[in-house]
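An overview of the molecular structure
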Amino acid sequence: MKKRILSLLLASTMLIGLVPLTGITAFAADDLIWPCESSSAYYVTCMYYYKSGAQHSTKYGYKTSMDIAGGGNILAVESGVVEVAKDLGNTSFGKYVIIKHASGYRSLYAHLNSYNVSVGQSVTKGQKIGVMGTTGGSSGVHLHFEYSGGDPWKLFYNAKYMDKIIFEQNVRSNNATYNSDKTIVNVIDQYYYKSGTYYYYNGQAHTHSYTGSYYEADHPHKVYKKCSCGATEYTGATTTVDTCTICSFNSDVSIAQNKSYTISGNGKGYGDYTAKLTDNVATTNLTYDNNWFAFYYNASADASAVNAPNGIGSAVIDLGKFYDVTQVKMNLVNNTGSGLPAPKAINIYLSENGKDFTKASSVASISQDQNVAYVCQADVTGLARFVKVEFELAGMFAFVNEIKVMGTESAYVPDPDVGENIAKGKNYVISGNGVGFSSYTANLTDGNANATLTYDNNWFAFYYNSKNADANTFNAPNGIGNAVIDLGRFYDLTEVKVNMANNVQSGIAPPKSINIYTSENGKDFKKVGSIATISDVENVAYVCKTNITGVARYVKVEIELGGTFAFLNEIKVFGTESDYVPEVPEVPEVPEVPEVPEVPDVPEVPEVPDVPEANLGDVNVDGTVDSVDYLLVKRASFNTYTLSEEEMANADVNADSLIDSVDYLLIKRIAFGTYIPE
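Residues numbered from 1 in each chain as written. Predicted model: local features only at pLDDT ≥ 70, side-chain atom pairs only at ≥ 80, totals over all residues. Heavy atoms only, no water.

Some remarks on the overall build of the chain
Counting its secondary structure elements, the chain contains six helices and 33 strands. By residue count, 48% of the 678 residues in the chain fall in the buried class. Within the chain, contacts between residues separated by at least 24 positions form 70% of all contacts whose residues are at least 6 apart in sequence. Entry remark: accessible area of the chain is about 32,000 Å², with carbon and sulfur atoms responsible for 50%. (Helix = DSSP H or I, 4+ residues; strand = E, 2+ residues; numbered from the N terminus. Buried < 20%, exposed > 50% of the residue type's maximum accessible area, 1.4 Å probe, protein only. Contact = heavy atoms within 4.5 Å. Areas by Shrake-Rupley, 256 points an atom, 1.4 Å probe, with all protein chains shown as cover.)

Next comes the structure, spelled out in structure tokens:
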């Protein structure tokens, strides 16, 4: 895997060399001329020694090569005879020329756009032999120059040619010092740059004599930046030494440091990429080894190798305790040529229990720079013990080597449930217009209590505004909202919990009061308790509760608003199943009716065909109009229950072909005996 990715990386770099040949190693006379002709200066973009197995080789053994950008004509550095004038197509040197000189040394000019000499032709020093180009294994216009008689860097670092050489993107004002003969002595914090691609960085002040390892680099097409914090950062950015991303990243105090985490899919990265994502060690050197963790997805791959199913990879960090989380940072790297483009998206989720996660933030800006390590971050506001970082892959891989979480320890202690939540999954109805304000349609009995205020449909909003004339938006008429939960059977009740949140500046004030009522039949409610303590802490989710006693099937939670809104996202009821059966009232005896005298026979009336009558109000056709019929029609009007044809006929009391609030109010009146349908 490493070799494959590395080969892809190398294929995308600017320079490709050939297998080295033995050459003469003595230095030539310093009367060579500069090999390029242009009115502007030239950017020197690469310098390195050849060594076996390195990414960039030369034709003339261990000596260095030199890459020069800037355009223009290419000139013979001294007189000689053209030994090679060849076109290798889109590989290696592309169009290149080799000249053999009288001294026996050879000079090589590669990646030419064109050449105007032929094999056997004699050329003089300074004669045009071609034009600078980007043929062969090149991604930018430049000349790849070699000289078998010595190191080109030493040959051209002299008083005659220093004005030809420009190192672009210096990060300090003095990039070099020189001896009296203008040979370079000391390079300080120097980038070498061409067309958006950085290649090699010295890293620190270094006195040298053109020998040893100064020009040697394992990764000659990358830039390594020495940061003031002591880190070596591999980057393509143009940041200054004093503002290294890695310095800032490493200085952060991470509450995730050395905390345990789990990975999506099969868990340990692709191949042997097993970096520890929370060890607080951030590297910016892209080495394709276990310093980097690889999220991987390939639709055709063996699922056992995939840890980002369907292109979504995630790491869930257990912080070990509750924190007020403020920020999440990730250290990543991009290399599109090796299947490592920047992720499409990075999302942050928080959880109290490690199971129920709520999206808290997204990374706003993901670097698209190539061959760079970079830090991206997301600001977060929320209380959590578990943090999930989710990566949506844009290619086969996403490389990450550190995740940091910033925040402060919280005093929050989750209130554990004791016993069974008997309200979980049960039906309920809301006062007013019933579905919450706007899109806040959280399920209040799904069993999931959210610990973070997110202003989405995880939270239900009771709403009342005395200045708003449109009562259709109210579900807390006159500032009183309530939810009635049908437990489905009778229970001996012990406790009610309500999960709420405050944000006074947004009109979400703590409620004035929260009262609990119970009922046997869903109509006749009695107050059984009030919540004594309601939190007034801002921007937090909290649980308030009260103990209750009694047997009931229906529980009503009544909230008196303290502001425009009251936010809640869960109601829990605790108790045990009861064997209580409500008494059925005795029916008084009916007095005997005196006999009625016989009535003379009345002539028979011809039979009239039966006309089916709707039993108005008796929706469930049990012979009785009661609260069950009322609730069925109410649910049908909210589209939570579908009526059969017969039920529809019985439910449409006012015969207007609609099932609405008028019908269920008429049924309620029928049940109480205050209305008799025609």
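Observations regarding the pattern of salt bridges
Considering all chains together, one arrives at nine salt bridges under this definition. Linking R553 and D486 is a salt bridge whose minimum nitrogen-to-oxygen distance equals 2.8 Å. With R553 in strand β32 (residues 551–560) and D486 in strand β28 (residues 480–501), this pair connects stretches of sequence that are 67 residues apart. According to the relative accessible area criterion, R553 is partly exposed, its value standing at 26%. (Salt bridge = Lys/Arg side-chain N within 4 Å of Asp/Glu carboxyl O.)

Thoughts on unusual backbone geometry
One non-glycine residue, H111, lies in the positive phi region at around 65°. Tracing the chain through its elements places H111 in strand β7 (residues 106–115). One non-glycine residue, N280, lies in positive phi territory at about 65°. For N280, the location among the structural elements is in the loop between β19 (261–263) and β20 (293–296).

Quick word on the packing of aromatic side chains
The geometry of an aromatic ring pair is captured by two quantities: the separation of the ring centres and the angle between the planes. Evaluated as defined, the whole model comprises 14 aromatic pairs. A ring pair is formed by F293 and F295, whose centres lie 5.1 Å apart and whose planes are at 65°; its orientation type is edge-to-face. Residues F293 and F295 agree in their burial class; the two are buried. The structure contains a cluster of three or more aromatic residues connected by ring pairs, namely Y463, Y464, F474, F565 and F567. The side chain of K388 reaches across the aromatic face of Y349, ending 4.9 Å from its centre. In this structure, K404 is placed above the aromatic ring of F249, and the distance from its NZ or CZ to the ring centre is 4.7 Å. (Phe/Tyr/Trp six-rings, centres within 6.5 Å; stacked < 30°, edge-to-face > 60°. Lys NZ or Arg CZ within 6 Å of the ring centre and 35° of its normal.)

Considerations on the pairing of strand β25 (residues 397–409)
Residues in a regular strand point their side chains to alternate faces of the sheet. Burial of β25 is extensive: 10 of the 13 residues sit out of reach of the surface. With four bridges joining them, β20 and β25 adopt antiparallel strand pairing. Pairing of F293 across the sheet is with V400, part of β25. Pairing of strand β21 (residues 312–334) with β25 involves 10 bridges; the strand directions are antiparallel. Bridge pairing in β25 places V333 opposite F399. (Pairing = 2+ DSSP bridges.)

Observations regarding the nonpolar core
Counting residues in hydrophobic clusters, the biggest one holds 35 residues, and the most contacted among them are F295, V328, M330, I346, F391 and I403. Those elements that place two or more of their residues in this core are β20, β21, β22 (345–351), β24 (372–392) and β25. Every residue in contact with V328, bar those within four places of it in the chain, is listed here: I348, C376, Q377, A378, V380, V387, V389, I403, K404 and V405. Ranked by size, the runner-up nonpolar core spans 32 residues in total, among them F460, I531, I559 and I571. (Core = buried A, V, L, I, M, F, W, Y, C linked by side-chain atoms within 4.5 Å.)

Considerations on the confidence of the model for the chain
When the pLDDT values of the chain are averaged, the result is 75; 73% of them are 70 or greater. Element-level mean pLDDT values for the chain span from 27 in helix α1 (residues 2–11) up to 97 in strand β29 (residues 513–519). Predicted confidence for residues 1–29 stays below pLDDT 50, and this span has 86 contacts to residues more than four positions away or in other chains. Overall, residues 45–57 carries pLDDT values under 50, and its contacts beyond four positions in sequence, including any with other chains, amount to 59 contacts. (pLDDT = per-residue confidence, 0-100.)

Concerning the packing of helix α4 (residues 627–637) against helix α6 (residues 661–671)
The interhelical angle for the contact between α4 and α6, taken along N-to-C directions, is 175°, at an axis separation of 9 Å. The pairing of α4 with α6 is recorded here as roughly antiparallel in orientation. Residues D629, Y630, V633, K634 and S637 of α4 form the contact with α6, whose participating residues are D663, Y664, I667 and K668. (Axes fitted to C-alpha atoms, helices over the stretch in contact; angles between N-to-C directions. Parallel < 35°, antiparallel > 145°, perpendicular 65-115°, else oblique.)

Considering the environment of I531
Topologically, I531 is positioned in the loop between β30 (525–530) and β31 (541–547). As for I531 and N547, which are separated by 16 residues in sequence, their C-alpha atoms are 8.6 Å apart. Residues in contact with I531, not counting those within four places in the same chain, are V498, I514, C544, K545 and T546.

Focus on α4
Within α4, burial applies to S627, D629, Y630, L632, V633, K634 and A636. Elements in contact with the buried residues of α4: α5 (645–651) and α6. At the N-terminal end of α4, a side-chain oxygen is found 3.1 Å from the backbone nitrogen of V628, two or three residues along, and the residue is D626. Positive backbone phi, approximately 65°, marks N639, located one or two places after α4. (Polar contact = N/O pair within 3.5 Å; in protein donor to acceptor, adjacent residues only side chain to side chain.)

Details of the layout of surface pockets
When its volume is computed, the largest pocket comes out at roughly 1,400 Å³. Lining of the largest pocket is provided by 42 residues; of these, Y428, V429, V484, L631 and K634 occupy positions nearest its centre. Secondary-structure elements contributing two or more residues to the lining of the largest pocket are β26 (428–430), β28, β32, α4 and α6. Here the lining of the largest pocket gets seven residues from one element, more than from any other, and that element is α4. Class assignment for the residues of the lining of the largest pocket results in 18 nonpolar, 14 polar and 10 charged. Within this model, the second largest pocket holds a volume of roughly 810 Å³. The set of elements that each furnish at least two residues to the lining of the second largest pocket consists of β22, β23 (357–362), β24, β28, β31 and β33 (565–577). Per-class residue counts for the lining of the second largest pocket are 14 nonpolar, 13 polar and 11 charged. (1 Å grid on protein atoms, 1.4 Å probe; cavity = no way out; pocket = protein on both sides within 12 Å on 5 of 7 lines; lining within 4 Å. Points joined across faces, edges and corners; volume = space filled by probe spheres on them. Nonpolar A, V, L, I, M, F, W, Y, C, P; charged D, E, K, R; others polar.)

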